[in-house]
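Remarks on the overall topology
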Amino acid sequence: MGTQTVEADVAEARLRAVEEALKLVKDGMLIGLGSGTTLRLFIEKLAEKVRRERLEIYFVATSYDTSLTASKLGLTERPLLDESPEIAFDGADYVFPDKWVVKGLGGALFREKIVDYFSREYIIIADWKKLRERPTGIPIPVEAHPFAAQKVVSALKSMPGVIQASIRISGSGKLGPIITDNGNFIIDAVFREVENPEILEKELMTIPGVVSNGVFALKRPSKVLIGYPEKVSVIV
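Located in the positive-phi region is Arg54, a residue other than glycine, with phi close to 55°. When you line up the elements, Arg54 lands in the loop between helix 2 (37-53) and strand 2 (58-61). In the Ramachandran plot, Lys99 falls in the positive-phi region, its phi being about 75° despite a non-glycine side chain. Tracing the chain through its elements places Lys99 in the loop between strand 5 (94-95) and strand 6 (101-102). Since its relative accessible area comes to 15%, Lys99 is described here as buried.

Okay, structure coming up:
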């Protein structure tokens, strides 16, 4: 299968999953909006739905990119205050059969976890290529304050099962480390295998200087919508 064919299939799969997720959006809702390429498509289609059906929808953003994108398309942003979003819609980098996910390759994990976990429920939208049977050899993003970053790297390397850990460096444009919306660094820790994601999520937060991590297991999504070129599969 050629690269262009695969890309077309992934695009179609994402669109199918996004269209399924849009069915859950109702008039008057406050929703959480995640970050990433799939969520950007969701935001575009959501804006079309809001205009077409004349809906009143408000959103809480998980990144500056989401905030700017949704606002430019005419959606109304609200801060995360006393009211919790009814549903948060988010993407994932890796999805496992028992509904825990890894997020953060795009660097927005801190705010994504806050919005997802404080929402009444959250939905993951992804294509089939994000599915993994077992959590082996995957990078777990860890957001850390720059002051403690090198010590966090050392602490991660000393954890059982960690193959490597390093500060994520910008691939183009900016020189040096990736800087998150919160002014922090991202450290990618590759684990040989994650045996208990709930315990790992908690353990990572005991390292001084860590502000968030990409394991989403303590509160799992209410459902995961997996898009394929010809269908959508729902994991509940």
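Following the structure, the description resumes.
One can find Ala8 in helix 1 (residues 3-22). For the pair Ala8 and Pro229, spaced 221 residues apart in sequence, the C-alpha separation works out to 8.6 Å.

To continue, consider the packing of aromatic side chains. Evaluated as defined, the whole model comprises 6 aromatic pairs. The interplanar angle of 20° and the centroid separation of 6.3 Å between the aromatic rings of Trp128 and Tyr228 together place this pair among those described as stacked. In this pair, Trp128 is assigned in the loop between strand 7 (122-127) and strand 8 (136-144) and Tyr228 in the loop between strand 13 (223-227) and strand 14 (232-235), connecting sequence segments 100 residues apart. In this structure an aromatic cluster arises from ring pairing among Tyr117, Tyr122 and Phe216.

Attention shifts here to the nonpolar core. Of all hydrophobic cores here, the largest spans 28 residues; its most connected members are Val152, Leu156, Met159, Ile187, Phe191 and Leu204. Residue assignment for this core shows that the elements contributing at least two residues are strand 8, helix 5 (149-157), strand 9 (162-167), strand 10 (185-193) and helix 6 (197-204). With residues up to four places along the chain from it excluded, the contact list for Leu204 reads Ile140, Val142, Leu156, Met159, Val210, Asn213 and Val215. If you look at the next biggest cluster of nonpolar residues, it comprises 26 residues, including Ala17, Leu41, Leu46 and Ile125.

With that settled, the discussion passes to the sheet that holds strand 10. Ordered in space as 9-10-8-11, the 4 strands form an open sheet in which the pairing is antiparallel. Strands at the two margins of the open sheet, each flanked by one partner only, are strand 9 and strand 11 (210-213). When the angles between neighbouring strand axes are averaged without regard to direction, this sheet yields 25°. The pairing of strand 9 with strand 10 spans 5 bridges and is antiparallel. Across the sheet, Gln164 pairs through a bridge with Val190, a residue of strand 10. Its contacts with the sheet put helix 5 on strand 8, strand 9, strand 10 and strand 11, and the angle it makes with strand 9 is roughly 170°. Along the sheet, helix 6 makes contact with strand 8, strand 10 and strand 11, crossing strand 11 at roughly 160°.

Thresholds, definitions, all that
- Residues numbered from 1 in each chain as written.
- Predicted model: local features only at pLDDT ≥ 70, side-chain atom pairs only at ≥ 80, totals over all residues.
- Heavy atoms only, no water.
- Helix = DSSP H or I, 4+ residues; strand = E, 2+ residues; numbered from the N terminus.
- Buried < 20%, exposed > 50% of the residue type's maximum accessible area, 1.4 Å probe, protein only.
- Phe/Tyr/Trp six-rings, centres within 6.5 Å; stacked < 30°, edge-to-face > 60°.
- Core = buried A, V, L, I, M, F, W, Y, C linked by side-chain atoms within 4.5 Å.
- Contact = heavy atoms within 4.5 Å.
- Pairing = 2+ DSSP bridges.
- Axes fitted to C-alpha atoms, helices over the stretch in contact; angles between N-to-C directions.

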